[in-house]
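What follows is the residue order along each chain.
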Amino acid sequence: MTDLLLSMEGIEKRFGAVVALGGVDLEVRRGEVHALVGENGAGKSTLMKVLSGAHAPDAGRMTLDGANYAPRRPLDALRAGVAMIYQELNLAPDLSVAQNLVLGRERSRAGIVRGDPRVEAALAVLDHPGLEPDRPVRELGPGARQLVEIGRALVGEAKVVVLDEPTSSLSAAESVKLDAVIRTLRARGVSIVYISHFLEEVKRIADRYTVLRDGETVARGEVAATEITTLVEQMVGRAVDEVYPRVPHAPGEPLLEVTRLAGRRLPEEATLTLRRGEILGLAGLVGAGRTELLRTLMGLDAVREGSVTVDGVIDGGRSIRARIAQGFGLVSEDRKAEGLALDRSIAENLTLSKPVSRLGWIDRTLRSAVTAKWAAKLAIKMDHDGQPVSALSGGNQQKVALARLLHQDAHVLLLDEPTRGIDVGSKVEVYRLIGELAAQGRSVLMVSSYIPELLGVCDRVAVMHRGRLGEARPANEWTEVDLLEVATRGAA
């Protein structure tokens, strides 16, 4: 009996004239974690929609557990043992954990739904203290909700579980817990297709990998025998000198000085100094107060106490308008809800903080010229500047958000998770851009939950723990273990 569980051969899918998949091959063995990697638009999501029955392939053949597999709808895939767990979780928040676990698969006797032993078995595998059967899902954090989705796959006796960017909204501690659950599933013979832009994560958890690029399979291999730089080069189709490019820059005199700053709820008495031409990273767990600190500095959240000095001027203004006038700019962690107006054009988004006008009227010709300038400098891939920004890939959307700050001529850039949800090729470009901004004398205060990113990009790193900001230290004096230890337990 072969250990091959899932085979997808020559899968093709077109949407009109667009070739989304041009003959993709994927093989997943029984009881392995198989990483599916590639840039945004490479075809990963389309391939998984074919696997899940959401799309019918135009050509190709699939087998599952030695039998032909051709789902016509997602329910067919579920019944065959293929479970999809998307980034946007599909749970009923007002139902309990137990009800969500068996939703659609309830067992009843004489029309009455009774206790289900499958719930107890799934919770035993997940082994999470917060997953109490009667607890409403709305009370759970992101990590626990992710586990409930995995528990649903266990109840359905899934053979293949697809995890799409499973850690994008998780804290470091929640990611560690997810790793443990994945290893348990692997030991039980369940196969995991793991989609992630975090290649260090792929190296840590996956056994083998397949790389898609432009709708085709371009590489596959054993993860342990493959360097991250090799994976990046396979994904982007070109040589990449380094994942975290270092642009030479020299931090100068203090530009922003924050003293005992307290927000409406968080942060609590935060003190920091950001120098001109410096990249200062903020580490910490989800909910530690990093986002609140940036919002308070930008004037989005009220200041309870403390002072902010900008270029020697104390408390020059606490409104958003005043902060923009002082040279502050913010890229929100929630690109879709706050960072961009998705239904508006690229040109409108890029000039939102500093409209291009003459005599009080928008000058469309000049606005197009400004947009073209920044699109060229940041290599934004677009058809025309009138496109809705929602039509761009995640990486290009993030570049538009950064271009808005550059057009605004911001000199204090507050970047909250600036590479969340974008592919590794775009990340390298964003890292290089951040370094170039520092080389121009701009100051960057950068929040990231991805520790290798902070250590690779920043000059200094400080850690927030339960609303309190620790002392910043040079990035080369930290290790990943040190940062995680302080983030979870606080400074010694």
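This structure is a prediction, so every number in the text was calculated from the model and none was measured.

### Describing the pattern of salt bridges
Right, on to step 1. Applying the stated criterion across every chain yields a total of 29 salt bridges.
Right, on to step 2. One salt bridge connects arginine 138 with aspartate 94, and the closest N-O pair in it is separated by 3.2 Å. Residue arginine 138 is located in the loop between helix 4 (117–126) and helix 5 (142–155), and its partner aspartate 94 is located in the loop between strand 6 (82–85) and helix 3 (97–101); the two are separated by 44 residues in the primary sequence.
Right, on to step 3. Glutamate 139 is paired through a salt bridge with arginine 135; the nearest N and O atoms lie 3.4 Å apart.

### Structural notes on the packing of helix 14 (residues 394–408) against helix 15 (residues 424–439)
Right, on to step 1. Two numbers describe how helix 14 lies on helix 15: the axes approach to 10 Å, and their chain directions differ by 15 degrees. It follows from the interaxial angle that helix 14 and helix 15 lie roughly parallel. Note that helix 14 runs across helix 15; the crossing there is left-handed. The residues of helix 15 that touch helix 14, namely those facing Gly395, Lys399, Leu402 and Leu406, are Ser426, Glu429, Val430, Leu433 and Leu437.
Right, on to step 2. Counted by class, the contact of helix 14 with helix 15 contains 5 nonpolar, 2 polar and 2 charged residues.

### Description of the sheet that holds strand 10 (residues 191–195)
Right, on to step 1. Strands sit in the order 6-9-10-3-11-12 across an open sheet of 6 strands; the sheet is mixed. The open sheet has two edge strands with one neighbour each: strand 6 and strand 12 (216–222). Sheet twist, expressed as the average angle between the axes of neighbouring strands with direction ignored, equals 20 degrees.

### Overview of helix 1 (residues 44–51)
Right, on to step 1. For helix 1, a buried count of 6 out of 8 residues is recorded, marking the element as mostly surrounded by other parts of the structure.
Right, on to step 2. For helix 1, the complete set of buried residues consists of Lys44, Thr46, Leu47, Met48, Val50 and Leu51.
Right, on to step 3. Count one or two residues on from helix 1 and you reach glycine 53, which has phi positive near 90 degrees.

### Quick word on the side chain of aspartate 164
Right, on to step 1. Relative to the assigned elements, aspartate 164 resides in strand 9 (residues 160–164).
Right, on to step 2. Salt bridges are absent for the buried aspartate 164, whose nearest opposite-charge side chain, lysine 44, sits at 7.2 Å.

### Some thoughts on the pairing of strand 21 (residues 412–416)
Right, on to step 1. In terms of burial, strand 21 is a largely internal element, 5 of the 5 residues being buried.
Right, on to step 2. On strand 21, burial covers both faces: Val412, Leu414 and Asp416 on one face and Leu413 and Leu415 on the other are all buried.
Right, on to step 3. By the bridge criterion, 4 bridges tie strand 18 (residues 328–331) to strand 21 in an arrangement that is parallel. Each residue of the ladder has a partner; that of valine 331, found in strand 21, is leucine 415.
Right, on to step 4. Relative to strand 22 (residues 443–447), strand 21 runs parallel, the two being bridged by 5 bridges. Within strand 22, the position partnered with valine 412 by the bridge is serine 443.
Right, on to step 5. The parallel pair strand 21 and strand 22, bridged by helix 15, forms a crossover whose chirality is right-handed.

About the cut-offs
Residues numbered from 1 in each chain as written. Predicted model: local features only at pLDDT ≥ 70, side-chain atom pairs only at ≥ 80, totals over all residues. Heavy atoms only, no water. Salt bridge = Lys/Arg side-chain N within 4 Å of Asp/Glu carboxyl O. Helix = DSSP H or I, 4+ residues; strand = E, 2+ residues; numbered from the N terminus. Axes fitted to C-alpha atoms, helices over the stretch in contact; angles between N-to-C directions. Parallel < 35°, antiparallel > 145°, perpendicular 65-115°, else oblique. Left-handed = near helix turned anticlockwise from the far one by under 90°. Contact = heavy atoms within 4.5 Å. Nonpolar A, V, L, I, M, F, W, Y, C, P; charged D, E, K, R; others polar. Pairing = 2+ DSSP bridges. Buried < 20%, exposed > 50% of the residue type's maximum accessible area, 1.4 Å probe, protein only. Lys, Arg positive; Asp, Glu negative; His and termini not counted. Right-handed = clockwise from strand over helix to strand, strands pointing away.

Nothing here speaks to function; it is geometry throughout.
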